[in-house]
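Here are the chains, one letter per residue:
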Amino acid sequence: MPHLIVVGAGAAGLAAAGQAVRLGCEVALLEHSGMPGKKILVTGKGRCNVTNDCDNQEFLRHVRTNPRFLFSAIAGFSTRDTMEWMESLGVELKTERGRRVFPVSDRAEDVRAALCRWASGARLVEQGAQSLLLEDGRVTGVQTTGGRTIAADGVLIATGGVSYPATGSTGDGYRLAAQAGHGLVQPVASLVSLVAEGGDCRRMMGLALKNVRLTLLENAKLVFSEQGEMLFTHFGVSGPLVLSASAWIRDLKKYRYTLSIDLKPALSAEQLYARIGRDFELLAGKNAANCLQKLVPATMQPVILERWGVDPALRVNQIDRASRLALVQLLKGFCVTVRERGDLQHAVITAGGIPVREVSPKTMESKLAPGLYFAGEVLDVDAYTGGYNLQIAFATGMAAARGFAAAHGLPQQQ
Ligand SMILES: Cc1cc2nc3c(=O)[nH]c(=O)nc-3n(C[C@H](O)[C@H](O)[C@H](O)COP(=O)(O)OP(=O)(O)OC[C@H]3O[C@@H](n4cnc5c(N)ncnc54)[C@H](O)[C@@H]3O)c2cc1C
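Okay, so let's go over this structure. (Residues numbered from 1 in each chain as written. Predicted model: local features only at pLDDT ≥ 70, side-chain atom pairs only at ≥ 80, totals over all residues. Heavy atoms only, no water.)

**Some remarks on the site of the ligand**
Consideration 1: Neighbouring the ligand are 35 residues, the closest being Ala 12, Glu 31, Asp 172, Glu 377 and Leu 390.
Consideration 2: Between Ala 11 and the ligand, the recorded distance is 3.1 Å, taken from a backbone N or O atom to an oxygen atom.
Consideration 3: Across the complex, the protein chains shield 95% of the 1000 Å² of accessible surface that the ligand would expose by itself.
Consideration 4: Among the elements of the structure, helix H1 (11-22) and helix H12 (388-407) are those that each provide at least two residues to the shell around the ligand.
Consideration 5: Residue composition of the shell around the ligand, by class: 14 nonpolar, 17 polar and four charged. (Near = heavy atom within 4 Å. Polar contact = N/O pair within 3.5 Å; in protein donor to acceptor, adjacent residues only side chain to side chain. Areas by Shrake-Rupley, 256 points an atom, 1.4 Å probe, with all protein chains shown as cover. Helix = DSSP H or I, 4+ residues; strand = E, 2+ residues; numbered from the N terminus. Nonpolar A, V, L, I, M, F, W, Y, C, P; charged D, E, K, R; others polar.)

**A look at the sheet that holds strand S14 (residues 208-218)**
Consideration 1: The strand order S13-S16-S15-S14-S17-S18 describes a closed barrel built from six strands, whose pairing is antiparallel. Averaged over all pairs of adjacent strands, the angle between their axes in this sheet comes to 45°, without regard to strand direction.
Consideration 2: Two strands pair when backbone bridges link them, and strand S13 (residues 194-196) and strand S18 (residues 334-341) are joined in this way by three bridges, in the antiparallel orientation. Bridged to Leu 194 within S18 is Arg 341.
Consideration 3: Relative to strand S17 (residues 257-262), helix H11 (residues 321-332) is tilted by about 110°, and along the sheet it contacts S17 and S18. (Pairing = 2+ DSSP bridges. Axes fitted to C-alpha atoms, helices over the stretch in contact; angles between N-to-C directions. Contact = heavy atoms within 4.5 Å.)

**Quick word on the pattern of salt bridges**
Side chains that differ in sign of charge can pair as their charged atoms come close.
Consideration 1: By the definition in use, this model includes 18 salt bridges.
Consideration 2: For Asp 106, the salt bridge is made with Arg 47, and the minimal N-O distance between the two is 3.0 Å. Within this pair, whereas Asp 106 is found in the loop between strand S6 (100-103) and helix H5 (108-118), its partner Arg 47 is found in the loop between strand S2 (26-30) and strand S3 (51-52), the two being separated by 59 residues in sequence.
Consideration 3: Among the residues examined, Asp 106 registers a relative accessible area of 30% and is labelled partly exposed.
Consideration 4: The partner of Arg 250 in a salt bridge is Glu 218, and the shortest N-O contact between them spans 2.7 Å. Of the two residues, Arg 250 is situated in the loop between helix H8 (240-246) and S17 and Glu 218 in strand S14; the sequence distance between them amounts to 32 residues.
Consideration 5: Taking relative accessible area as the criterion, Arg 250 reaches 52% and is therefore assigned exposed. (Salt bridge = Lys/Arg side-chain N within 4 Å of Asp/Glu carboxyl O. Buried < 20%, exposed > 50% of the residue type's maximum accessible area, 1.4 Å probe, protein only.)

It is worth stressing that arrangement in space is one thing and function is another; only the former is reported here.
Structure, rendered in structure tokens:
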């Protein structure tokens, strides 16, 4: 029986381990965090957005880095396959806004437990992989952190990226791969909060905005625009819209990135101008300092007033057309300049990783070291929010298991 060592019992490793067992392999599953699938528990705010109910083409459009590399893996294990697989493991699913798929229970733990059941035929070794064993460039096993030597016909590195290291993803996979001669595309944060210039965000810290439109401009070019929720923090901005927008930031040294927040996306500029006119008629006797009450949340009013530049003592009925138009502009495009990405440790996704040109897209086997395989976030692939990243982990994990089984003459489909 061919023996596979899977390093890392995350989404990719658990998927691969269970599949390899079903294809007739003996599997040792190494996990150093003390809990298989620990990161699953924090996904989707504890609800786990397990995949996206879209077809393969649509899926690949949501992959930010190296979608073509995933063509074969996703053809072999699609989002539909993930849904059927989850249901077969007893996890009932529901589809929400943006075709995001969640367990009906809203419990990420149910997904984690299902993955552990799926992989239960593998032998769990609660130790880390310290180093690879290599003979004439071929991988022959692993040396564990507990000092054990485990021989194998193949090793699958499914160690994840470097974000949220408390869940066990500490970047070990990059080091192990380097031993076999692999390069590294510099890991950077993706799907991350953003640090803003100036102190305005800090003044509004804690303020959550619902139903706003967030647009990201790269210099003057629109690169992202979506409606939803975001929040101000002590360092800048965060929340679902911001995480999604962050994935579009390529190079902060080369380009200037500005977030433009439309606080009234349901109204056109003309409609908002008319609405302001009606509001101001009712407030005619008051001064400008008090004219924003119905338009924006309290913590935002001083910031808007300051940026608007109208004398706070001015009577509302004295605010002229040009100033009203300036207010419309401000409410339809409140700008925040991005200074930098939030730190990598708190990013949802690590972009970068093992260069995909060094890995076979069909089998996930290393092109440099026979017997070495990769799956999941350790690879230089990443996607936007919506369940696509877990789908990448599952699809590449399944492909690696099939690749290993096929290399040892076992049938690929089970
Ligand atoms: C807060 C948050 C929310 C998220 N929400 C979603 C979501 O809703 N939907 C979605 O699609 N994606 C989501 N993601 C992304 C998703 O969780 C990852 O893309 C996915 O878990 C990657 O799977 P993986 O198996 O490659 O890596 P991981 O899940 O990180 O697993 C790697 C495993 O390898 C182990 N390991 C590492 N080094 C060693 C070693 N040397 N020896 C032994 N074991 C080792 C680790 O302990 C870990 O268990 C979220 C991520 C975060 C941080």
